[in-house]
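# Coordinate analysis (summary)
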Amino acid sequence: MVQVRVAGVALDAASQHVILLKPIDELPGSGPILPIWIGQQEATSILIAIEGADVPRPLAHDLMRSMIETLGAEVLRVEVTRIEDGTFYAEITLSTAGGQVRVDARPSDAVALASRVGASIWVADDVMSEAGMPDAVTDAEPESNAAERLDEFKKFLDDVEPEDFQ
């Protein structure tokens, strides 16, 4: 297993959301990066957690966190464990009064939860080998454009309504 961090959430050429996971000891532009395609709601949830943005009502992953904490459990770590037929699988490891429990999860949900509770994120070596790709930083997007995208995202958060997530 290799410990990773969320390097970003992006859109691919077909406007599909992709979460980018990068080993924590690798610098941008070096080493591998693991792209995992996810849904729009999960992408939004991960971005909200990473940015530490406030939402008027809890999202599904906030509810998950609240339920786990209310039951006296703790998220120890999340792992992207395998790929089967192009589908990624993950597990969430919880510490409970009865001992450790592993729960099957989609990687997007596991990462969204980990981002909320500060749990470590891990990827199986086989998964990184099979689906990872070389990280290539380009200068195609100037920093001013990145700041503009962040402003657009903040505006989105200000204008989002709960019905938008149905």
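Just so you know, these numbers come straight off a predicted model, no measurement behind them.

### Considering the overall build of the protein chain
Each helix and strand in the protein chain was counted, giving five helices and eight strands. Along the chain direction, N to C, the helices and strands of the protein chain fall in the order β-β-β-α-α-β-β-β-α-β-α-β-α. Within the protein chain, buried positions represent 37% of all 166 residues. Restricting to contacts in the protein chain with at least 6 residues of sequence separation, those with at least 24 account for 51%. Surface summary for the protein chain: the accessible area is close to 9,900 Å², and the carbon and sulfur share equals 51%.

### Regarding the environment of Val127
Mapped onto the fold, Val127 is located in helix H4 (residues 125–131). A C-alpha to C-alpha distance of 9.1 Å links Val127 and Met1, two positions 126 residues apart in sequence. Once residues within four sequence positions are removed from consideration, Val127 is found in contact with Leu34, Val80, Thr81, Arg82, Ile83, Phe88 and Gly132.

Analysis parameters
Here, residues in each chain are numbered from 1, in the same order as that chain's written sequence. The predicted nature of this model means local features are confined to residues of pLDDT at least 70 and side-chain atom pairs, given and counted, to a pLDDT of 80 or more, with totals for whole chains, interfaces and linings taken over all residues. Hydrogen atoms and water are omitted, and side-chain values are computed over all heavy atoms in the structure. The helix count covers DSSP runs of H or I at least four residues long, the strand count covers runs of E at least two residues long, and both are numbered beginning at the N terminus. Accessible area is worked out with a 1.4 Å probe on protein chains only. A residue is then buried under 20% of its type maximum, exposed over 50%, and partly exposed in between. Only heavy atoms matter for contacts: two residues are in contact if any of them lie within 4.5 Å across the pair. Reported accessibility uses the Shrake-Rupley method at a 1.4 Å probe radius. Residues are deemed covered only where the shown protein chains occlude them.

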